[in-house]
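Given next are the chains, with one letter for each unit.
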Amino acid sequence: MSRTAEVVKQAYDLARRGDHKSLRALVADDATWHPAREGAWNPCRDGEMIVRTLMWRAGSANRLRPGETIDLGDRVLIHLRGRRLERLGAKGLIPRLFQIVVVRDGRIVSMQDYPRRAEAYAAAGLEA
């Protein structure tokens with residue numbers, strides 16, 4: 001597993017355990033997180049907002065966690081697993097949610113959710 005994928009997995013593990021302090025150390029101060037649907041969720045505009053949102057999403061309410069990952073160097077594309085994905089912007093008969101996370105210098109600097117695999121692959125420059 002690459003260092004980028006390890007940072008993302010560690011972030012989700014810390015969020016699930018509710019370790020705010022350690023998780024905050026993994027997220028850059030100026031990091032951003034954009035939701036799958038504009039208007040349904042407000043984007044996170046700084047590291048503290050991302051930490052709170054990630055802890056809520058990975059906690060008992062949704063149990064969001066990374067599944068299949070594709071390493072793209074300083075980015076990782078993740079197929080997210082969890083409960084109630086449709087309210088987080090997932091689409092389809094079986095709701096699925098994808099995410100691209102950018103890591104620089106061992107810290108998360110950007111997160112973007114996608115409701116469909118094809119959209120996530122296109123944003124990552126891959127073929128679906």
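For the structure, see preceding data.
Residues numbered from 1 in each chain as written. Predicted model: local features only at pLDDT ≥ 70, side-chain atom pairs only at ≥ 80, totals over all residues. Heavy atoms only, no water.

A. Up close: the overall build of the protein. Along the backbone of the protein there are four helices and five strands. If you list the helices and strands of the protein from N to C, you get α-α-β-α-β-β-β-β-α. On C-alpha atoms alone, the protein measures out to a radius of gyration of 13 Å, which is about the 14 Å that the 2.2 N^0.38 rule sets for 128 residues. Projected onto its principal axes, the C-alpha coordinates of the protein cover approximately 35 × 30 × 25 Å. (Helix = DSSP H or I, 4+ residues; strand = E, 2+ residues; numbered from the N terminus. Rg over C-alpha atoms; globule rule 2.2 N^0.38 Å.)

B. Representation of the sheet that holds strand β3 (residues 75-81). Taking strand neighbours across the sheet as the criterion, the five strands line up as β1-β5-β4-β3-β2 in an open arrangement whose pairing is mixed. The outermost strands of the open sheet, each flanked by one partner alone, are β1 (27-34) and β2 (65-71). Pairs of neighbouring strands in the sheet enclose a mean axial angle of 25 degrees, with direction left out of account. Relative to β1, helix α3 (residues 47-58) is tilted by about 60 degrees, and along the sheet it contacts β1 and β5 (107-114). Strands β2, β3, β4 (97-104) and β5 of the sheet are contacted by helix α4 (residues 117-124), whose axis makes an angle of about 170 degrees with β3. (Pairing = 2+ DSSP bridges. Axes fitted to C-alpha atoms, helices over the stretch in contact; angles between N-to-C directions. Contact = heavy atoms within 4.5 Å.)

C. Spotlight on α4. When α4 is considered as a whole, its buried residues turn out to be Ala120, Tyr121 and Ala124. Along the long axis of α4, the arc covered by the buried residues comes to 95 degrees, so they all point the same way. At its buried positions, α4 is contacted by β2, β3, β4 and β5. Where α4 terminates, the next one or two residues include Gly125, which has phi positive at roughly 80 degrees. (Buried < 20%, exposed > 50% of the residue type's maximum accessible area, 1.4 Å probe, protein only. Arc of directions from axis to C-beta.)

D. Fine view of a positive patch on the surface. Taken together, Arg63, Arg65, Arg81, Arg83, Arg84 and Arg96 make up a surface patch of like positive charges. Within the secondary structure layout, Arg83 lies in the loop between β3 and β4. (Patch = residues over 30% accessible without salt bridge, like charges linked within 9 Å, V, L, I, M, F, W, Y side chains within 5 Å. Areas by Shrake-Rupley, 256 points an atom, 1.4 Å probe, with all protein chains shown as cover. Salt bridge = Lys/Arg side-chain N within 4 Å of Asp/Glu carboxyl O. Lys, Arg positive; Asp, Glu negative; His and termini not counted. Charge placed at Lys NZ, Arg CZ, Asp CG, Glu CD.)

E. How the structure looks around the nonpolar core. If you look at the biggest cluster of nonpolar residues, it comprises 33 residues, and the most contacted ones within it are Tyr12, Leu23, Leu54, Val101 and Met111. Elements with a minimum of two residues in this core: α1 (3-17), α2 (20-26), β1, α3, β3, β4 and β5. In terms of residue count, α1 provides more of this core than any other element does, seven residues in total. In contact with Val101, not counting residues within four places along its chain, are Val8, Asp74, Arg75, Val76, Ile78, Ile108, Ser110 and Met111. (Core = buried A, V, L, I, M, F, W, Y, C linked by side-chain atoms within 4.5 Å.)

F. Region of interest: the pairing of β3. By the criterion of burial, β3 is predominantly enclosed, with five of the seven residues buried. For β2 and β3, the ladder comprises five bridges, and the chain directions are antiparallel. Considered in β3, the bridge of Ile70 is made with Leu77. The loop that links β2 with its antiparallel partner β3 comprises three residues; one of these, Gly73, has a positive phi angle of about 85 degrees. Across six bridges, the pairing between β3 and β4 is antiparallel. Across the sheet, residue Leu80 finds its bridge partner in β4, namely Leu97.

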